[in-house]
Amino acid sequence: MTSAQILPILTYPDPRLHKVAKPVAAAAGLEPRIQQLVADMLATMYDAQGIGLAATQVDVHERLIVIDVSEERNAPLVLINPEILWASPEKVKGDEGCLSVPGVYDGVERSTSVRIKALDDKGASREIEADGLLAVCIQHEMDHLMGKVFVEYLSPLKRTRIKSKMAKAEREAAGQR
Ligand code: NI
């Protein structure tokens, strides 16, 4: 494996953020390509100071997410082919942000706890029960794999405002190049 690289992150409303990811083929252990992708996605997430990143956001349309909700930024969680087994009927509304929608934070309602099944980075099947920030983060990242960005839970008016804000930021960035 070559050293980890920082990957470019797609920004909303890039249409590639709406592609639906395919399962990672993990029949006989995990391929070097996936190991490299995991290393690159972790490096990219830490570099951007995010708490989660889905492969969709780096334009790889396979079911893989990385998360680290620890204060110390030293507890990476790799979820390959994650599936929700159970989501609590109790919901909580909290402000979310996303590396693909920089500078935007808004309220989204999520289940307070979830139980999921996924493969880890060694290809082993695990079940995880999560609540609090981790539960929210898992649901947010799994949405990305389905081609859904959190702003799609907001009102059409808010989405329009966010799109023009993103377009303005893009024009300003282009002007600086
Ligand atoms: Ni996101």
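Up top is the structure.
Report follows, based on the coordinates. Note that the structure is a prediction, hence the values are computed from the model and not measured.

Some thoughts on the overall build of the protein
- On a plain count of helices and strands, the protein comes out with three helices and seven strands.
- Taken from N to C terminus, the helices and strands of the protein fall in the order α-β-β-β-β-β-β-β-α-α.
- A compact globule built from 177 residues would reach a C-alpha radius of gyration of about 16 Å, and the protein, at 16 Å, matches this within 12%.
- When its C-alpha atoms are laid out on the principal axes, the protein stretches across 45 × 45 × 30 Å.

Brief notes about the side chain of N81
- Checked against the element boundaries, N81 lands in strand 3 (residues 77-87).
- A relative accessible area of 17% means that N81 is categorised as buried.
- Side-chain polar atoms of N81 contact the backbone nitrogen of V24, separated by 2.7 Å.
- Once you skip the residues sitting within four places of it in the chain, N81 turns out to touch P23, V24, R63, K117, A118 and L119.

What about the coordination of the nickel ion?
- Those donors, C98 (SG), H140 (NE2) and H144 (NE2), are the protein atoms that reach the nickel ion, and they lie 2.1 to 2.2 Å from it.
- In primary-sequence terms, the residues that donate to the nickel ion follow C-x41-H-x3-H. Within this pair, H140 and its partner H144 are both found in helix 2 (residues 132-145), separated by four residues, close to a single helical turn. With respect to class, H140 is no different from H144; both count as buried.

A word on the packing of aromatic side chains
- The tally for this structure, following the rule as stated, stands at zero aromatic pairs.
- Between the NZ or CZ atom of K148 and the centre of the ring of Y153, over which it lies, the distance is 4.0 Å.

With respect to the pairing of strand 3
- In this structure, strand 2 (residues 64-67) lies alongside strand 3, joined through four bridges in antiparallel fashion. In the strand pairing of strand 3, L64 is matched with I80.
- In this sheet, strand 6 (residues 113-119) lies alongside strand 3 in antiparallel orientation, the contact comprising five bridges. Counted as the bridge partner of E83 is K117 from strand 6.

As for helix 1 (residues 32-47)
- If you check helix 1, its first and last C-alpha atoms are 22 Å apart, about what 16 residues at 1.5 Å a residue would give, namely 22 Å.
- The set of residues buried in helix 1 consists of I34, Q36, L37, V38, A39, D40, M41, L42, T44 and M45.
- Buried residues along helix 1 sit in contact with strand 1 (52-54), strand 2 and strand 3.

Quick word on unusual backbone geometry
- Between Y12 and the following residue, P13, the backbone shows a cis peptide bond with an omega angle of 5°.
- Position of P13 among the secondary structure elements: in the segment before helix 1.
- Within the chain, R73 stands out as a residue other than glycine whose phi angle is a positive 60°.
- Taking the relative accessible area as the measure of exposure, R73 reaches 28% and is therefore partly exposed.

Points about the environment of K165
- In this structure, K165 sits in helix 3 (residues 156-176).
- Classification of K165 as partly exposed rests on a relative accessible area of 44%.

Points about the pattern of salt bridges
- What the rule picks out here adds up to 10 salt bridges.
- Among the ionic pairs, D14 bridges to R16, the shortest N-O distance being 2.8 Å.
- Accessibility expressed as a relative area gives 15% for D14, which makes it buried.
- Close ionic contact of E96 with R110 constitutes a salt bridge, the shortest N to O distance being 2.8 Å.

Analysis parameters
Residues numbered from 1 in each chain as written. Predicted model: local features only at pLDDT ≥ 70, side-chain atom pairs only at ≥ 80, totals over all residues. Heavy atoms only, no water. Helix = DSSP H or I, 4+ residues; strand = E, 2+ residues; numbered from the N terminus. Rg over C-alpha atoms; globule rule 2.2 N^0.38 Å. Buried < 20%, exposed > 50% of the residue type's maximum accessible area, 1.4 Å probe, protein only. Polar contact = N/O pair within 3.5 Å; in protein donor to acceptor, adjacent residues only side chain to side chain. Contact = heavy atoms within 4.5 Å. Donors = N, O, S within 2.8 Å, 3.2 Å for Na, K, Ca; no water. Phe/Tyr/Trp six-rings, centres within 6.5 Å; stacked < 30°, edge-to-face > 60°. Lys NZ or Arg CZ within 6 Å of the ring centre and 35° of its normal. Pairing = 2+ DSSP bridges. Expected span 1.5 Å × (residues − 1). Salt bridge = Lys/Arg side-chain N within 4 Å of Asp/Glu carboxyl O.

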